[in-house]
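# Structural characterization, general
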Amino acid sequence: MNAVKGILCITMLLIAVLEMPSFAEETGNNEWEWTIVPYVWIPSMKGHLIIGHEVPSRDVGVDEIIDTPALDGMLHLEARKGAFGLFLQSNYFKFDNDQGIRGVNVDINVMGWMFEFGGFYRLGEWGNKRPGVLDLIIGGRHWSATTEVTANSPVPGVRLESTQGNHVLDPLVGLRFGAYVTDRLAFTIWGDIGGFGVNNTNFEAIRSWQTLGFLEYDFNDMISLQVGYRALALNVRDKNLSSNNEMKITAQGPVVGLSFRF
């Protein structure tokens, strides 16, 4: 496991420079192709959020469903030369949830960053001028989040507050396929799985997965509009707690971006 963590750290250093590829005309194997895509993703987040605390020598948790819309700003960077390429994507997310849990009013605020990074290898191309392509993706996700929980205590005049910051490193492997259906309209399908029980800090990434599909319309050789749908899920375990120590979150919703290629 230490070896896996070491390889991932080295990979992060080597590629620190998704899903959204550029289907511009080929510029030659000896030239770099660059793609920059700012996005807005508006997902609905659902999952099990477990709030644990110590009560007379035993762990007690509250397991409750969270269903609330969130806002995610994204920036995707990609570079390709020949069959090989690198990508880096930043995601900012924030959501608020206020609900009653077992008779107690709980206000939950979560905000943070998620970085996707890695490399890809083009397994094949089909066609001539605008070929369909299939890429193998290997990389990871680094999650960094701060959770603020405020609750009204059953005791009058007493209010409970907790702030916790955590981060999780989540390796991934996946495939990406894209093809043109007309001279200007293309589609892309992306899927990956990750987690694999990697241990880092106080958290263990049990499993994760991501799917993405979108249509891309080329205004010209440099600028395209991308519209699609993205789903992302993460399941982690807090190793500091002996029970009720898993968090499962699934986010899914529409995504819109503007691609710049050069």
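Everything in this summary refers to the structure shown in the same document. Keep in mind that this is a model prediction, so the values were computed, not measured. (Residues numbered from 1 in each chain as written. Predicted model: local features only at pLDDT ≥ 70, side-chain atom pairs only at ≥ 80, totals over all residues. Heavy atoms only, no water.)

## Details of the nonpolar core
Operational definition: We call a set of buried Ala, Val, Leu, Ile, Met, Phe, Trp, Tyr and Cys residues a nonpolar core when their side-chain atoms join them within 4.5 Å. In this scheme, a residue with accessible area under 20% of its type's maximum is buried, one over 50% is exposed, and one in between is partly exposed, where area comes from a 1.4 Å probe on protein chains only. Per the convention used, a helix needs a DSSP run of H or I reaching at least four residues, while a strand needs a run of E reaching at least two, with both numbered from the N terminus. Throughout, a contact is declared for two residues whenever any of their heavy atoms are within 4.5 Å.
Residues Trp41, Ile137, Trp143 and Val255 are the most contacted members of the largest nonpolar core, which totals 23 residues. For this core, the secondary structure elements donating two or more residues are β1 (33–41), β5 (84–101), β6 (104–126), β7 (132–152), β8 (159–180), β10 (203–218), β11 (223–238) and β12 (246–261). What Ile137 contacts, discounting residues up to four positions off in sequence, is Phe87, Gly119, Phe120, Leu172, Val173, Gly174, Leu175, Arg176 and Trp190.

## Let's talk about the pattern of salt bridges
Selection criterion: By convention in these notes, a salt bridge is any Lys or Arg side-chain nitrogen within 4 Å of a carboxyl oxygen on Asp or Glu.
Per the counting criterion, the structure on display carries 12 salt bridges. Among the ionic pairs, Glu125 bridges to Arg122, the shortest N-O distance being 3.6 Å. Take Arg122: its relative accessible area is 8%, and that puts it in the buried class. Between Asp218 and Arg261 there is a salt bridge, with its nearest N and O atoms 3.5 Å apart.

## With respect to the packing of aromatic side chains
The condition is simple: The pairing test for Phe, Tyr and Trp rings, Trp by its six-membered ring, is centres within 6.5 Å, and the orientation test on the planes gives stacked under 30 degrees, edge-to-face over 60, and tilted for anything in between. Ring-over charges, as used throughout, are those where CZ of Arg or NZ of Lys falls within 6 Å of the ring centre and within 35 degrees of the ring normal.
Here the structure, examined in full by the defined rule, presents 7 aromatic pairs. Relative to Trp190, the ring of Phe87 has its centre 5.9 Å away and its plane inclined at 85°; by these criteria the two rings are edge-to-face. Of this pair, Phe87 sits in strand β5 while Trp190 sits in strand β9 (residues 185–200); the two residues are 103 residues apart in sequence, bridging distant segments of the chain. A single burial state applies to Phe87 and to Trp190, both of which are buried. Feature note: the residues Tyr92, Trp113 and Phe115 constitute an aromatic cluster, connected by ring pairs. Between the NZ or CZ atom of Arg130 and the centre of the ring of Tyr180, over which it lies, the distance is 4.6 Å. The ring of Trp41 is capped by Arg230, whose NZ or CZ atom sits 4.5 Å from the centre of that ring.

Purely spatial values, then, with no claim about function.
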